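Given next are the chains, with one letter for each unit.
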Amino acid sequence: MEGVRENKQYGISARTIHKVFNLLSYWERLHNTAAMAESAAAGEENPAVDSRDESSDARFTFSIEVGMLEIYNDDVFDLLSPSGNKKSVDIRRDSEGRVGVPDMTKEKVNSLEDVLNLLAKGNKNRAVAATSLNEHSSRSHMVLNVQVTSTVEGEPPNKGNLFLVDLAGSERVLKSEVVGKALDEAKHINKSLAALGNVMEALDRKASHVPYRDSKLTHLLQDSLGGNSRTMMVVTVCPTSNSYDETQCALKFATRVRRINLGTAQRNVTSKNLEETVKNLTSEIKLLSKAKERSENQMHSLKRENERVQERLKQSAETRSKTHDEKRAMEVLRKSNAEMTTRWQKEKAKREEQVQDLENVQNEVSSLNTFIDFLMF
């Protein structure tokens, strides 16, 4: 996950954050260049406007903060604590209902070098030990939290969270030959990985209950695993025959994860935005209700007209004669009936569509009201 600094052989975490820096810097240059060009064009059209006026440039800015957590023996620790030693922290929901660690230390970074320094600082507090299989075996899971905040001047800021998780590998005690404290660590590692597997199985089955709280690992990653997010998992295996059982187990786990479909991630909104959405949907419901009422009136009128035409057809069929005039009248009535029937069917389909739209909007409003009540609670 981390790699090494020598020859810039960075791992997934460092490369991912470096990519985030590059994308945000590119977007900053692109947006600010466009804003300056627009300001200059406005100055040429209106000489009274100073093209150097910064108030006319809606500049794009961003900031990145990094936090580092360790899940050791099913307890959560802050690896970047100002005291220099890792500090125990709690997992809680914030005011917007998202699962997180409010007391986690976050430090602002401006370059990849800052990130690497923070990783080195946090790793000094991380639990490692030697086993028969690994000289530098991780005895805990590490969670690197990257929070990105971007904004355009005059607009509300946008925030995004990226969790980069370095999972400790599962251990077969007979092979690792750990005892005492290391044995307890191995039990907690295997237990948390088993809990992660149970969560994946529940998500795969689309179960009504997903056991996120069975471990601190799955509890912390609840929003990342089953929330409104994009999730990617990389599973590493060993090609040697001595690790056949572990490789087979890892591949089965990866296959199960691959089948999980969380749906399309949507942009998270605040309570204020939810209230505005509810207000807009309520107005839309009123408009749809009026349209439904008009459609029902039109439908009743068409139905009555269709009944009159049907009655006239019936009477004409009983009293028709073989004269040419009556035959022409019958053809006109049939044509009129066909047109009225087609029109009535179209109005009926239109009304059913409007009724379905109204029900969908009402269900959405009900869900949003329930979510707002939950947030306010």
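An account of the accompanying structure is given in this report.

Another aspect to go through is the overall build of the protein. Tallying secondary structure elements over the protein gives nine helices and ten strands in all. Sorting the 377 residues of the protein into buried and exposed places 33% on the buried side. By sequence separation, contacts in the protein at least 24 residues apart represent 64% of the contacts at least 6 residues apart. Of the accessible surface of the protein, which amounts to about 24600 Å², a share of 49% is contributed by carbon and sulfur atoms.

In this section: helix 2 (residues 112-123). The end-to-end C-alpha separation of helix 2 is 16 Å, in line with the 16 Å expected for twelve residues at 1.5 Å each. For helix 2, every residue scored as buried is listed here: L112, V115, L116, L118, L119 and G122. With its buried residues spanning 160° around the axis, helix 2 presents them on a single face.

Glancing now at the pairing of strand 2 (residues 75-78). For strand 1 (residues 60-72) and strand 2, the ladder comprises four bridges, and the chain directions are antiparallel. Along strand 2, the bridge assignment pairs I71 with V76. Between strand 1 and strand 2, which pair antiparallel and follow one another directly, the connecting turn spans two residues, one of which, N73, has a positive phi of 50°. Sheet topology note: the strand 2/strand 3 (residues 87-88) ladder contains two bridges and is antiparallel. Paired with F77 across the strands is S88, a residue of strand 3.

Here the focus is empty space enclosed by the protein. Per the stated rule, a full pass over the model turns up one cavity of 30 Å³ or more. Taken as a whole, the largest cavity holds about 60 Å³ of empty space. If you trace the largest cavity, you find it lined by I71, Y72, N73, D74, R139, S140, H141, E185, H188, I189 and S192. Of all the secondary-structure elements, those providing two or more residues to the lining of the largest cavity are strand 1 and helix 4 (181-204). For the lining of the largest cavity, a count of residues per class yields three nonpolar, five polar and three charged.

So, about helix 4. Given 3.6 residues to a turn, an α-helix orients residues that are three or four positions apart in the same direction. Across its 24 residues, helix 4 extends 35 Å between first and last C-alpha, which sits within 8% of the 34 Å expected from 1.5 Å per residue. Downstream of helix 4 by a residue or two, K206 has a phi angle that is positive, lying close to 55°.

On to the packing of aromatic side chains, then. With the rule as written, the count across this model stands at one aromatic pair. Between the aromatic rings of W27 and F60, the centroid separation amounts to 6.2 Å while the plane-to-plane angle is 90°, which identifies the pairing as edge-to-face. Remark: F60 occurs in strand 1 and W27 occurs in helix 1 (residues 12-45); sequence separation between them is 33 residues. Residue classification places W27 among the partly exposed residues on the basis of a relative accessible area of 42%. Here the guanidinium or amino end of K86 rests over the ring plane of Y72, the centre of that ring lying 4.9 Å away.

As a further point, take the pattern of salt bridges. Taken as a whole and judged by the stated rule, the model has six salt bridges. Residue D204 pairs with R259 through a salt bridge whose shortest N-O separation is 2.7 Å. Here D204 is found in helix 4, whereas its partner R259 is found in helix 7 (residues 244-259), with 55 residues between them in sequence.

One can describe the packing of helix 4 onto helix 7 by two numbers: an axis separation of 9 Å at closest approach and a directional angle of 40°. The angle between the axes of helix 4 and helix 7 places the two elements in the oblique class. Read as a crossing pair, helix 4 and helix 7 show a hand that is left-handed. Of helix 7, the residues touching helix 4 (which contributes L196, G197, M200, E201 and D204) are F253, R256, V257 and R259. Tallied by class, the residues present in the contact of helix 4 with helix 7 amount to four nonpolar, one polar and four charged.

Core analysis: the largest hydrophobic core is formed by 24 residues, its most contacted members being I64 and L144. Of all the secondary structure elements, the ones that give two or more residues to this core are helix 1, strand 1, helix 2 and strand 9 (141-152). Residues within four places of I64 in sequence aside, it is in contact with V20, F21, L24, E107, K108, V109, V146, Q147 and V148. Membership of the second largest hydrophobic core comes to 22 residues, among which are I91, V99, Y212 and L220.

The rules we used
- Residues numbered from 1 in each chain as written.
- Predicted model: local features only at pLDDT ≥ 70, side-chain atom pairs only at ≥ 80, totals over all residues.
- Heavy atoms only, no water.
- Helix = DSSP H or I, 4+ residues; strand = E, 2+ residues; numbered from the N terminus.
- Buried < 20%, exposed > 50% of the residue type's maximum accessible area, 1.4 Å probe, protein only.
- Contact = heavy atoms within 4.5 Å.
- Areas by Shrake-Rupley, 256 points an atom, 1.4 Å probe, with all protein chains shown as cover.
- Expected span 1.5 Å × (residues − 1).
- Arc of directions from axis to C-beta.
- Pairing = 2+ DSSP bridges.
- 1 Å grid on protein atoms, 1.4 Å probe; cavity = no way out; pocket = protein on both sides within 12 Å on 5 of 7 lines; lining within 4 Å.
- Points joined across faces, edges and corners; volume = space filled by probe spheres on them.
- Nonpolar A, V, L, I, M, F, W, Y, C, P; charged D, E, K, R; others polar.
- Phe/Tyr/Trp six-rings, centres within 6.5 Å; stacked < 30°, edge-to-face > 60°.
- Lys NZ or Arg CZ within 6 Å of the ring centre and 35° of its normal.
- Salt bridge = Lys/Arg side-chain N within 4 Å of Asp/Glu carboxyl O.
- Axes fitted to C-alpha atoms, helices over the stretch in contact; angles between N-to-C directions.
- Parallel < 35°, antiparallel > 145°, perpendicular 65-115°, else oblique.
- Left-handed = near helix turned anticlockwise from the far one by under 90°.
- Core = buried A, V, L, I, M, F, W, Y, C linked by side-chain atoms within 4.5 Å.

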